[in-house]
Amino acid sequence: MLFEEYTFFNHQFPEPQYLGAKHTHLPWLNKHVPSGVKTALDAFGGSQSVAFLFKQLGFEILTNDFLNFNHQIGLSLIENKDCKILESDVKMLFNQSSAKGQFSLIAETYSDIFFEREEAEFLDNFRANVNDLDNSYKQALAFTVMNRALTRKVTMGHFAHTQALNYANNPDRIKRNRSLARPIKDIFLDLLPKYNAAVFDNKQENRSFNMNTLELMPDLPKMDLAYFDPPYCDSHADYQSFYHLLETFTVYWKDKEFVNSIRRYEPQRYSGFDKKKTALDSLEYLFELSDEIPHWLISYNDRSYPSVDDLQKMVGRYRDVQVEAKTYQNGRGGKGSVAGSREILIICKPKKKHPVKIGTRLETVADEGF
Ligand SMILES: C[S@@+](CC[C@H](N)C(=O)[O-])C[C@H]1O[C@@H](n2cnc3c(N)ncnc32)[C@H](O)[C@@H]1O
């Protein structure tokens, strides 16, 4: 490791609260990053924890997530080299916006569901001001910090329930999580220095994308390593129900309906990896598209569909495969709980070639694996 790469590790990844985020597994994952890698793809970036590790390792990174609020984290912490939110920006973000009249989606949709009306109006005003920041990385950082503040503000860090306001008025709950009763503005201000400190330049031209991975892959340049952490099908990993509000706040939809008690947007974005009907075909196509990338690391969970064995067989047609596992001791409870399940890492290397005799000639063929 170069001296400079050690200094990249002085920048801490701000702790996310995101289903399936890998921030607690990064040292384990790092042990299995092959040597000699210079360019890496994080194809399902989510909280961007793994892309951030790759940035610290000095790689040139392409990161991607089909949800826009995750792409904003990619822009602000992976692609961004030096733009931070300064005191003058904060002042501007909290000022009364002149465009406020055109920004009322959050108050209209979520008042008295996730927030009191006053807080919802504060969010609309903030959202109007983000557009006036003079730099797209600053805008992305403003979204990143505010979206994180919102997951602090609601119980369990997601929006697939309607208990947020009940719990915000329950002293026992508040004792356990003070943020429930705090103004969003204060939570934002607490978080901001941590996010500003996570902005650094690893001397590479990193890029963040906001696409369906299967549409992005055919256009990518040559890479040394792909990291795949797709949603775990059949394990309640419904990202668009859990985090719909963050996507709505970021995109500020003009063309969606808001349905159910949680007011989730409809129609949802198409994943291809999260439903049994399409998961196998999507995985197969993903591996086909990745054939030119020599090394793959695949995160998985042993409660997902297809089973670890079946996935291993699938990957084995393309790569030599080694499977590592870690058991979760504690779950967070509720939907998406991981207690008792195992975190799996599938380490994929190019197939070993070995010589076979064909007639009188010696030819090199790849191992078939299984
Ligand atoms: C298991 S999470 C990734 C977690 C991430 N490794 C982390 O540490 O936070 C899976 C991610 O895939 C994204 N996703 C689902 N389907 C996708 C698709 N077809 N293309 C791109 N991203 C997708 C989801 O939005 C979700 O953030």
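Residues numbered from 1 in each chain as written. Predicted model: local features only at pLDDT ≥ 70, side-chain atom pairs only at ≥ 80, totals over all residues.

*Asks:* Report on the overall build of the protein, specifying residues and quantitative values.
*Replies:* Looking only at helices and strands, the protein features 16 helices and 11 strands. Expected size for 370 residues packed as a compact globule is a radius of gyration near 21 Å; at 22 Å, the protein falls within 12% of this value. Considered along the principal axes of its C-alpha atoms, the protein spans approximately 80 × 40 × 40 Å. Out of the 370 residues in the protein, the part that is buried amounts to 39%. (Helix = DSSP H or I, 4+ residues; strand = E, 2+ residues; numbered from the N terminus. Rg over C-alpha atoms; globule rule 2.2 N^0.38 Å. Buried ≥ 20, exposed ≤ 12 C-beta atoms within 10 Å, placed from the backbone.)

*Asks:* How would you sum up the sheet that holds strand β8 (residues 320–327)? Please name residues and give values.
*Replies:* The mixed open sheet is built from 7 strands, whose spatial order is β3-β2-β1-β4-β7-β9-β8. A single partner strand is all that each edge strand has here, and the edge strands are β3 (207–209) and β8. Averaged over all pairs of adjacent strands, the angle between their axes in this sheet comes to 15°, without regard to strand direction. Sheet analysis places strand β1 (residues 39–42) next to strand β4 (residues 225–228), joined by 3 bridges and oriented parallel. Bridged to D42 within β4 is Y227. (Pairing = 2+ DSSP bridges. Axes fitted to C-alpha atoms, helices over the stretch in contact; angles between N-to-C directions.)

*Asks:* Let's hear about the pairing of strand β9 (residues 342–349): which residues, and what values?
*Replies:* Pairing analysis gives 6 bridges linking strand β7 (residues 295–301) to β9, with the strands arranged antiparallel. Following the sheet pairing, Y300 is matched in β9 by I344. Here β8 runs beside β9; their pairing, made up of 8 bridges, is antiparallel. The residue of β9 that forms the bridge with E324 is L345.

*Asks:* Which residues make up the environment of F188, and what values go with them?
*Replies:* Structurally, F188 can be placed in helix α11 (residues 184–197). For the pair F188 and N147, spaced 41 residues apart in sequence, the C-alpha to C-alpha distance is 8.9 Å. Leaving out residues up to four positions away in the same chain, F188 has contacts with V145, M146 and A149. (Contact = placed C-beta atoms within 7 Å.)

*Asks:* For the pairing of β1, give the residues involved together with the corresponding values.
*Replies:* Sheet topology note: the β1/strand β2 (residues 60–64) ladder contains 4 bridges and is parallel. Each bridged residue has a counterpart across the sheet, and for T39 the counterpart in β2 is E60. Handedness of the crossover joining β1 and β2 through helix α3 (residues 49–56) is recorded here as right-handed. (Right-handed = clockwise from strand over helix to strand, strands pointing away.)

*Asks:* Requested: an account of the site of the ligand, with residues and values cited.
*Replies:* The local shell around the ligand holds 23 residues, among which G20, F44, G46, S47 and S271 are the closest. When the residues that make up the shell around the ligand are grouped by side-chain class, the tally is 10 nonpolar, 10 polar and 3 charged. (Near = placed C-beta within 6 Å. Nonpolar A, V, L, I, M, F, W, Y, C, P; charged D, E, K, R; others polar.)

*Asks:* Account for the nonpolar core, naming residues and giving values.
*Replies:* If you look at the biggest cluster of nonpolar residues, it comprises 89 residues, and the most contacted ones within it are A226 and Y227. For this core, the element with the highest residue contribution is helix α8 (residues 136–153), accounting for 9 residues. (Core = buried A, V, L, I, M, F, W, Y, C linked by C-beta atoms within 7 Å.)

*Asks:* Tell me about unusual backbone geometry, residues and numbers included.
*Replies:* The step from E266 to P267 runs through a cis peptide bond, and the omega angle for that step is 0°. Along the polypeptide, P267 turns up in the loop between β6 (264–266) and α15 (276–289). Omega for the bond connecting Y305 with P306 falls within 30 degrees of zero, at 0°, which places this linkage in the cis form. By the secondary structure assignment, P306 is in the loop between β7 and α16 (308–316). For Q48, which is not a glycine, the phi torsion comes out positive at approximately 75°. Structurally, the position occupied by Q48 is in the loop between β1 and α3. You can call Q48 buried: it has 30 C-beta atoms within 10 Å. Located in the positive-phi region is N260, a residue other than glycine, with phi close to 65°. In this structure, N260 sits in the loop between β5 (257–259) and β6.

*Asks:* Hey, could you go over α8 for me, with residue numbers and the actual values?
*Replies:* With 18 residues, α8 should reach 26 Å at 1.5 Å per residue; the first-to-last C-alpha distance of 26 Å fits that figure. When you tally the buried positions in α8, you get 15 out of 18 residues, the bulk of the element. (Expected span 1.5 Å × (residues − 1).)

*Asks:* Talk me through the environment of Y300; I want residue IDs and the actual numbers.
*Replies:* With respect to the element layout, Y300 can be found in strand β7. Along the backbone, Y300 and R264 are 36 residues apart, and their C-alpha atoms lie at a distance of 27 Å. Discounting residues that sit within four places of it in the chain, Y300 has contacts with V308, L311, I344 and I346.

The values reported here are purely geometric and, on their own, carry no functional implication.
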